[in-house]
Every structure is written in structure tokens, then in C-alpha cells.
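Structural characterization, general
Single-letter residue listing:
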Amino acid sequence: MKYRTFLTTLALFLFSFNLGIVIISITAFKDTIHRAQERSLDEHYFITSALLQDFHAVEGRGTDLDSSIPSLLQPYSYLAGDQNVTLGLFKDKELVYSNSSVLSVPNGFLELPGDGSRLVSIQESGDRASVLVSGKLPAPYDLYTMVYLYDITDGIAAWKQMKNMLFFAGLIVSVLFAFGLHLLLYKLFKPLSQISQTSRQIAAGAYDTRLPVSGQDELTEMAQSFNHMAKEIQNQIQQLATAAQQKQQFIDNFAHELRTPLTTIYGYAEYIQKVARTEDDKLFATTYIMSESRRLQQIAYRLLDLATLRENKIERKTVEIKQLFLGVEQALSLMAAKQNVQITSECHFDSLECDSDLMHILLVNFVDNALKACGANGHIKMVAFLNHGQKTVMVEDNGKGMSGEHLLHITEAFYRVDLARTRNGGGAGLGLTLCKQIADSHGAELTFSSEPGMGTKATIIFPAENRNEWNQKAKILQ
Amino acid sequence: MATILIVEDEIPINELIKRNLQAVGHTCISVLDGSAAIHELSQREIDLVLLDIMLPEMDGYEIFRQIRGTPAIFLTAKSSLSDKVKGLTLGADDYLVKPFEMLELLARIDAVLRRTKKTSKTFELDGVKIDFESRQLFLHDHPVEYTPKEFDLLEVLVNNRNIALSREKLLELAWGYDYVGDTRTVDVHIQKLRKKLDMDSRIKTVYKMGYRLEV
């Protein structure tokens, strides 16, 4: 585009500019010739009329006309000097006088009509050009023909010089113009090439590339919108990448979760088939096959729970907090007793708007995790309180705790605080993922705080009791 | 046979490996983490370590760096090429990805032990004596005539003793992958071995499975 514009503009300019020069040259040339002709005709007329008077005078004195012609024409010989004029007088096609030794006249110019009209022409001989005027003297001297030859070589040379000068100047102007035009177009098209370069970079994956924004014109505005677009693209790519990474992490973890029980199940089945000989051996192997199958089953159920929760709407009812806590304590009392862990609860508000089954699952998960963290002789506290008007439920334990790095990831599916992903504590690794989803569907927020060796606090904060807003938020989240 | 240390935090898998290795005559020690593994290695002579990579606190690579000198096979769920390369460049003798077949593990253990000269060169049972190095068979100190395939088959049975081997597996292990033959070849050779070595009660037919040398 840039080069096309450049070439088109340049061609148009050169064409019109040179056309102008040509027109000027032609006009100047015509003018030069015209003036030479006018001048020649004037002189011719002047000399002819003077000569005619002289002829009358000579004849009046009765002197022979032919012999006195040289003396009559003598005064005009000055013209032959620096004026480049040659005079010739013919009598019936014979030269009777010339102020120059060389005078050549084409024959046609001597055969003129006798009505006093004159012939004007440009005569070229060798490298010289002249204006030739020939005319008969009026009767009774119409035997005489006066030829006036005006050399215009110098005039043409001057014109040629001027023409050359014009073209030379034109060339310089054209070069300057081309240079200027190129600069202008470069400046005009620079943002465009910058945009295309930046787009290419963005397309190649450098999403943080931006256009420089300067000035206050249309291009600045465009650069700003372009940058805005680039930023949006970068954000979305980032989100996609994060989502893909999370999904990949989920799949990797899921594969690992499946692989370990499957290895065990296959291995023990093979053991029964090929190695086991006593009933004891077989019982031993089948016990492991069953427990590992149950683990797979648990993973399947939890995944199903997650899927169901994603699709189904929650049923909100007013739930008594005391009832909720009691249910959780009952569900886990056996396990707590086995570990000799004490579970206590505290209520600072009475009821909560939530899906009671889901909230039960969430709290059981919290307390279950706390039980795993506590080991023997721990203490777990469930507290319901108002925090800046927001209903908050917290489960606190005095177990082994974890570092901040783990806290960021604990709601990810299959994430294990322990690098080795041991199952000594049991579970499918989906509990907190489920909790997160339950919290999301209630429009509530989950937070965890922990310190290694000091215990962990798991908190769910419900939005302020504005039902409409709450419903809307929940709807958006679903 | 050899003394093998199993370092694996998944108790069922640890137990499974231990039972299988004990069946073929190895002495096994099971530990669940790195510090216990290092403790065991300092306490007694260990011929081979089976190391899981994902372990609590100290990972398999780290344990391997600390037990330099003892042959080791990595057992892991990590199957990526970079993990394998990392394991092998560290100097591990082999690398096995879960889930694996027990026979493969046994074969690899045998291969490593052969390289490190820890395999027993002779095997004795009920008056039968097998010298693997000179490939000689004795029954009550009298040399026994045998064909090369019979000896190969016997060697496979001894190396995987107490494990039932299907006829196909026996063909594959004793005759080789490319052997195209009837599984009845195996039956014929087994009959001959039983007769020559008086091992009717030892080489058992496992119902619908194959054969097992019971020790």
C-alpha cells in the first residue's frame, strides 16, 4: 500500500510537472519565433517603404535605378553586423544587392503574387536557423523582390538553454519531492507497520506486547483500542491456560488415584491365582482387594457428588444451627471416641438459611479433616458467630496444621498436603473440593488459616442477609 | 537367595511385593519411609533396594543418593520419560512403572542380582542338585541326562518357585518369544522333568493354570 501510494503519487506529480515544463517550453519557443517574425516583418516593411521612396526620388532625378541600388541600400548594411540580418534585393530572380557574401534563398520565395503580400518562413541551413521574409516591392517596381533574413540561432540557443535549465530544475525538484513524499508516507504508515508487527508478535504467543501510545490523534485512539484488545486476549489466554492446567492436574491426579488401587487389586488377584496356597493367604489378599475396591468406589461417589452438585439447584431452608452441629457430632462421634478426640460447639446465632444436607456434608468434611489432623487426644471446636453482620461458621482444631503453600491448593481435587499422597488418613482427596462447591452454591466464602504444629481453622462466611442479593449471586454462580 | 529392602509407603503394595518375593525365596524387609530405609541399610547387609519415588518427607531420589553402593530398582507411578531418565542417570539399576506384573518385577530383580553376582549358583531340593553355572543336574549325587530345553524350563521353574506359571508363560520364558509351538510341548517337558528328577510331588499342576514348583 505504501509503495503503491508512493509510486502513484510520484508518477502523477512527475507527469503533471513535466507536462507543465513542456508546455512552458513550447510556449516560450513559439513566442521567440513569433517575436522574431514580427520584428523581421516590421524591418522588412520599414526598409521596403524607405527603398520605395528612394526609388521614386532616384527616378525623379532620372538616374539609372539599378546602378544606384547599392548606394541606396548601403545605409542598411549596419544591420548585417551584430544584428545578424542579411538583406538581399532581387530583380527578376537575380540578385542585384546583398550585404552579405552568402545569401541563399529558396526559389519559391521569389515567385510571389504581385499583390504586395509577403512570405514568412523559417529557414534552416546547416546548424543555423533564420527567419526569412520576402516580398515584392509595389508596382511599378514589382520586378524587385526584397529578401530579409534574420538569424535566430542565438535566440533558439537561449531558448534551448532555458529549456534545459527548466528540465534540470525539474529533476532536482522531482528528487526532492520524491524524498519528501517518501518521508511523509513513512511517517503516515509507520503506525500501520507497527500494528502489523505487534499483531504478529501477539499471534506468535508474545501476549504482553503493546503498541506505544503517544499524541492525541485518531492513531492514538486506535493504538489504545488495540492495546485494550491485546490485554483482553492476554487475560483470556491466561484464564484458558490456568483452566487447562487445572484440568490437566485433575486428570494427572485422577490417573494416579486410580493407578494405586488398581495396581493393588491386580497384584492381589494375581497373587491368589498364582501364589496363594493356604486359606489364610487368600483371605489376606481378598481383604486388600476389597478395601482398595472400596476406595475406588468412594472416589466414584465423590465425583458423582461433585457432578450432581454442579447440576442441581440447592434447597434453601431455615436451619437451626444447634441441630446442624448435633448432627455432625453424632455422625463422627464413633471416630472421635476411637481417637479420643473431644468435639465441642458454640452458637452465637440461632438459624441459618442454607441447604441442610449440603451444610451437613460440608461440616462433616471439615470435622473429618480436623480428626485426621489431630491424631490422639485432640480437641475440635465448632463455632457459629456473627462477623461484621455476616454469619460465619468455623471449625478449629489443635492438630498438626500445614504451611501456607498447601493452604492455597487444598480445595483442588486430589490435592494432598503430603507429597507422597499417602492414604494413611484415608479419603479420596475430594472432600474439600466438594466443600468449595457447596460454599460456592450458597454464595459463601471458604477460608483456611493454619500454622504447622498449631492447628487449622476452616471457616465458611455467608453473605449478609439480603435475600434478593443472595439469590441473585447464587443464581450467577450456578 | 538375596536380602531385599522394600521402600514403599502404600502398605498394600508393600505387603504384596514382600509376599511375592518371599514366595520365590528372597528375604524381605519392608519399610514405609526414607529414614527407616537408611536405618535398615546401616543395620544389615542388603543386596537390593526396591524404591518408590513418591514417599513422605524424603523422596526416592534423595534416599538413593544417600544409599549409594546398594543396587536399586525404582518402582513408581511416574511414567514420564524425564522421570525415567532421571532415575537411570542417577545410577539406578532399573526402573519399573506401576502397575507392573509381578513376574516382570521378579525377572528384573533376577537380572540385577545376576549382574551384581548375588544369585545363588546352585539349588538343592529333595536330593536334586542343580548347578546353574556348569549346567549340571544331579539326583542323589548321580548326574542326570537332560536336553537343553529341559534345563531351561527347570531354571525358569526354580527362579519363579512357588508361583504358578501358565503354559504360555513357560513357553515364553524358556523357549523365547519367537517360539511357535504347541503348549503341549510344555506338558511333555514337564512330564520328563518329573520322571527324571523324581519331582512328581514338587512340580504341581495348577488347575486350569499351568505348573508350579512348590518348595
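From a predicted model like this one, the values you see are computed outputs, not experimental measurements.

Conventions adopted
Residues numbered from 1 in each chain as written. Chains lettered and ligands numbered in written order. Predicted model: local features only at pLDDT ≥ 70, side-chain atom pairs only at ≥ 80, totals over all residues. Heavy atoms only, no water. Helix = DSSP H or I, 4+ residues; strand = E, 2+ residues; numbered from the N terminus. Buried < 20%, exposed > 50% of the residue type's maximum accessible area, 1.4 Å probe, protein only. Contact = heavy atoms within 4.5 Å. Areas by Shrake-Rupley, 256 points an atom, 1.4 Å probe, with all protein chains shown as cover. Buried area = accessible area lost by both parts, 1.4 Å probe. Salt bridge = Lys/Arg side-chain N within 4 Å of Asp/Glu carboxyl O. Polar contact = N/O pair within 3.5 Å; in protein donor to acceptor, adjacent residues only side chain to side chain. Nonpolar A, V, L, I, M, F, W, Y, C, P; charged D, E, K, R; others polar. Core = buried A, V, L, I, M, F, W, Y, C linked by side-chain atoms within 4.5 Å. Pairing = 2+ DSSP bridges. Axes fitted to C-alpha atoms, helices over the stretch in contact; angles between N-to-C directions. Arc of directions from axis to C-beta. UniProt positions renumbered as here; feature names shortened; annotations may be inferred.

**Comments concerning the overall build of chain B**
When helices and strands are tallied, chain B shows 8 helices and 12 strands. The buried share of chain B, taken over its 215 residues, is 53%. Across chain B, contacts joining residues at least 24 apart in sequence account for 49% of those joining residues at least 6 apart. Per element, the accessible surface of chain B, about 10,100 Å² overall, is 48% carbon and sulfur.

**So, the interface of chain B and chain A**
Each side of the interface is counted separately: chain B has 28 residues, and chain A has 27 residues. Between chain B and chain A, roughly 2,400 Å² of surface is buried when both sides are summed, and carbon and sulfur atoms account for 59% of that area. Salt-bridge contacts for E10 of chain B lead to R295 of chain A; the nearest nitrogen and oxygen are separated by 3.7 Å. Taken together, the connections running from chain B to chain A amount to 10 residue pairs in polar contact (both at pLDDT 80 or more). Ranked by residue count, the leading element in the side of chain B that touches chain A is helix 1 (residues 11–23) of chain B, at 8 residues. The residue inventory of the side of chain B that touches chain A, partitioned by class, reads 17 nonpolar, 3 polar and 8 charged.

**Quick word on the pattern of salt bridges**
All names here are of chain B. A full pass over the atoms with the stated rule returns 23 salt bridges over all chains. Across the pair R44 and E40 runs a salt bridge, and its minimum N-O distance is 3.3 Å. A residue is classified by how much of its surface remains accessible, and R44, at 44% relative accessible area, is partly exposed. With a closest N to O distance of 2.7 Å, R202 and D126 form a salt bridge. Of the two residues, R202 is situated in the loop between helix 8 (184–197) and strand 11 (203–206) and D126 in the loop between strand 6 (122–125) and strand 7 (128–131); the sequence distance between them amounts to 76 residues.

**Topic: the nonpolar core**
By size, the foremost hydrophobic cluster in this structure holds 59 residues, and its most contacted members are I17, L21, L50, L105, I109 and I130 of chain B. Looking at this core, the element that brings in the most residues is helix 5 (residues 102–115) of chain B, giving 7 residues. The contact partners of I17 of chain B, leaving out residues within four places of it in the chain, are I6, L50, L75, F100, M102 and L105 of chain B. I343, L371, F414 and A458 of chain A belong to the second-largest nonpolar core, a separate cluster that totals 48 residues.

**Structural notes on the sheet that holds strand 10 (residues 390–397) of chain A**
All names here are of chain A. A sheet is described by the order of its strands in space; here 5 strands give the open sequence 7-9-10-12-11, paired in mixed fashion. Looking at strand neighbours, the two that pair on one side only are strand 7 (342–347) and strand 11 (445–451), the edges of this open sheet. Averaged over all neighbouring strand pairs, the angle between strand axes comes to 15 degrees, with direction disregarded. By the bridge criterion, 7 bridges tie strand 11 to strand 12 (residues 455–461) in an arrangement that is antiparallel. Bridging across to strand 12, E451 finds its partner in G455.

**Considering helix 2 (residues 65–73) of chain A**
In an α-helix, one full turn covers 3.6 residues, which means residues spaced three or four apart are oriented alike. Residue and element names in this part refer to chain A. Listed as buried for helix 2 are L65, S68, I69, L72 and L73. When helix 2 is viewed along its axis, its buried side chains cluster within an angular range of 135 degrees and face the same direction. Opposite the buried face of helix 2, at more than 90 degrees from it, the exposed residues are S67 and S71. Check the buried side of helix 2 and you find it contacts helix 1 (2–61), strand 1 (85–91), strand 2 (94–98) and strand 5 (144–151).

**A few points about the UniProt feature "modified residue: 4-aspartylphosphate" (unreviewed entry) in chain B**
Residue and element names in this part refer to chain B. The feature "modified residue: 4-aspartylphosphate" (unreviewed entry), as annotated in UniProt, sits at D52 in this numbering. Mapping D52 onto the fold places it in strand 3 (residues 48–52). Discounting chain neighbours no more than four positions away, the residues touching D52 are V7, E8, D9, G60, L75, T76 and K98.

**Details of the sheet that holds strand 7 of chain B**
All names here are of chain B. Strand order in the open sheet formed by 4 strands is 6-7-8-9, with antiparallel pairing between adjacent strands. Two strands close off the open sheet at either side, each with one partner strand: strand 6 and strand 9 (142–143). Where strand 8 (residues 136–139) meets strand 9, 2 bridges bridge the pair, whose relative direction is antiparallel. Each bridged residue has a counterpart across the sheet, and for L139 the counterpart in strand 9 is H142. Running over the sheet, helix 6 (residues 148–159) touches strand 6, strand 7 and strand 8 and is turned about 100 degrees from strand 7.

**Thoughts on the environment of V395 of chain A**
Residue and element names in this part refer to chain A. By the secondary structure assignment, V395 is in strand 10. Measuring from C-alpha to C-alpha, the distance between V395 and T456 comes to 8.2 Å, with 61 residues separating the pair along the chain. Not counting chain neighbours up to four residues away, the residues in contact with V395 comprise L363, F366, V367, I380, K381, M382, T456, K457 and A458.

**What about the side chain of N365 of chain A?**
All names here are of chain A. Relative to the elements of secondary structure, N365 occurs in helix 7 (residues 356–374). By relative accessible area, which is 6% here, N365 ends up buried. Those residues within four positions of N365 in sequence are excluded, and the remaining contacts are R302, G431, L434 and C435.

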